[in-house]
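So the chains spell out like this:
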Amino acid sequence: MAQLQSDKQPVMSASSLDTLSLLGGNLCLDFANTVDPRLGDHGQDYLGSYTDLVQWSHYAGVFAEEERQNLLQIAMHHPTEANQTFERAIVLRETIYRVFEAVAHEISPQQAYLDALRDVFAEAMLHASFVSTSEGFTCVWPGEDVLDCMLWPIAASAVELLTSSKIGRVKQCPGAGDCGWLFLDTSKNGSRVWCSMEDCGSRVKMRRQYARKRGSC
């Protein structure tokens, strides 16, 4: 397996999930957006421990309440393994971020990141099952009491997006030079600029209006 060290930027202590929005439009992008903002040196990290990783996974709909409780119980009895899983999750998060940040700017991602993503995906597929749906078959991960089970659908989500026709719709929010979140632009004409019009978009417009008023004085 390709080995990468986490290269995440310096962040402050973990923040409450209650304040985190899921705006990526894709599981892997929401996972990458668990540092806010991504631009600058003062990001708040929503993942500070294995417990946070489990809570976020439940919050993002990766698994149900019962599995959340089971994983927290297992982590209590196996703290070393839980911490190792958390460290792997952070490496995966930063790998996903670097891959899709490059994609958003129409740059080829570094091969080392692609290789690392491939390796996590290959491991995930060992646990996958295929089930029939009305539209064909889909890949699912049966509930398992395995500490790193949340990484499987996240890695699969990243590979699915990377190899789909939607890849050209991945964008990075500029904010006012203070965001950097990734999102999938699902607008009809592909004109979405910000991760959130109500947040980043509104702040940028207010700053522009303020600058125009000052310029007219």
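Not measured: the values here are computed from a predicted model. (Residues numbered from 1 in each chain as written. Predicted model: local features only at pLDDT ≥ 70, side-chain atom pairs only at ≥ 80, totals over all residues. Heavy atoms only, no water.)

Asker: Before we move on, can you summarise the overall build of the chain with the specific residues and values?
Answerer: Broken down by element type, the chain carries 7 helices and 7 strands. Helices and strands appear in the chain in the N-to-C order β-α-β-β-α-α-α-α-β-β-α-β-β-α. In the chain, which comprises 217 residues, the proportion classed as buried is 39%. Considering only contacts within the chain whose residues lie at least 6 apart along the sequence, 62% involve residues at least 24 apart. (Helix = DSSP H or I, 4+ residues; strand = E, 2+ residues; numbered from the N terminus. Buried < 20%, exposed > 50% of the residue type's maximum accessible area, 1.4 Å probe, protein only. Contact = heavy atoms within 4.5 Å.)

Asker: Quick one: what's the story with the packing of aromatic side chains, residue by residue and with numbers?
Answerer: Counted by the stated rule, this structure contains 1 aromatic pair. Seen from their ring centres, F31 and W56 are 5.3 Å apart, and the 45° between their planes marks the pair as tilted. Taken as a pair, F31 in helix α1 (residues 27-32) and W56 in helix α2 (residues 50-59) lie far apart in primary sequence, 25 residues in all. Neither residue differs from the other here; F31 and W56 are each classed as buried. (Phe/Tyr/Trp six-rings, centres within 6.5 Å; stacked < 30°, edge-to-face > 60°.)

Asker: Give a detailed account of the packing of helix α5 (residues 111-125) against helix α6 (residues 151-162), specifying residues and quantitative values.
Answerer: At a minimum axis separation of 9 Å, α5 and α6 run at an interaxial angle of 125°. By the angle between their directions, the pair α5 and α6 is classed as oblique. At the point where α5 passes α6, the crossing takes the left-handed sense. Contacts between α5 and α6 involve L114, L117, V120, F121 and A124 from the former and W152, A155, A156, A158, V159 and L162 from the latter. The residue inventory of the contact of α5 with α6, partitioned by class, reads 11 nonpolar, no polar and no charged. (Axes fitted to C-alpha atoms, helices over the stretch in contact; angles between N-to-C directions. Parallel < 35°, antiparallel > 145°, perpendicular 65-115°, else oblique. Left-handed = near helix turned anticlockwise from the far one by under 90°. Nonpolar A, V, L, I, M, F, W, Y, C, P; charged D, E, K, R; others polar.)

Asker: Give me the lowdown on the environment of L182, citing residues and values where you can.
Answerer: Mapped onto the secondary structure, L182 falls in strand β7 (residues 182-184). By relative accessible area, which is 0% here, L182 ends up buried. As a C-alpha pair, L182 and F100 span 82 residues in sequence and 7.5 Å in three-dimensional space. When near neighbours in sequence (up to four residues on either side) are disregarded, L182 contacts G24, L29, A32, N33, Y97, F100, E101, K171 and Q172.

Asker: For unusual backbone geometry, give the residues involved together with the corresponding values.
Answerer: In this structure, P37 follows D36 across a cis peptide bond, with omega equal to -5°. Tracing the sequence through the fold places P37 in the loop between β2 (35-36) and β3 (43-45).

Honestly, it's all geometry; don't read function into it.
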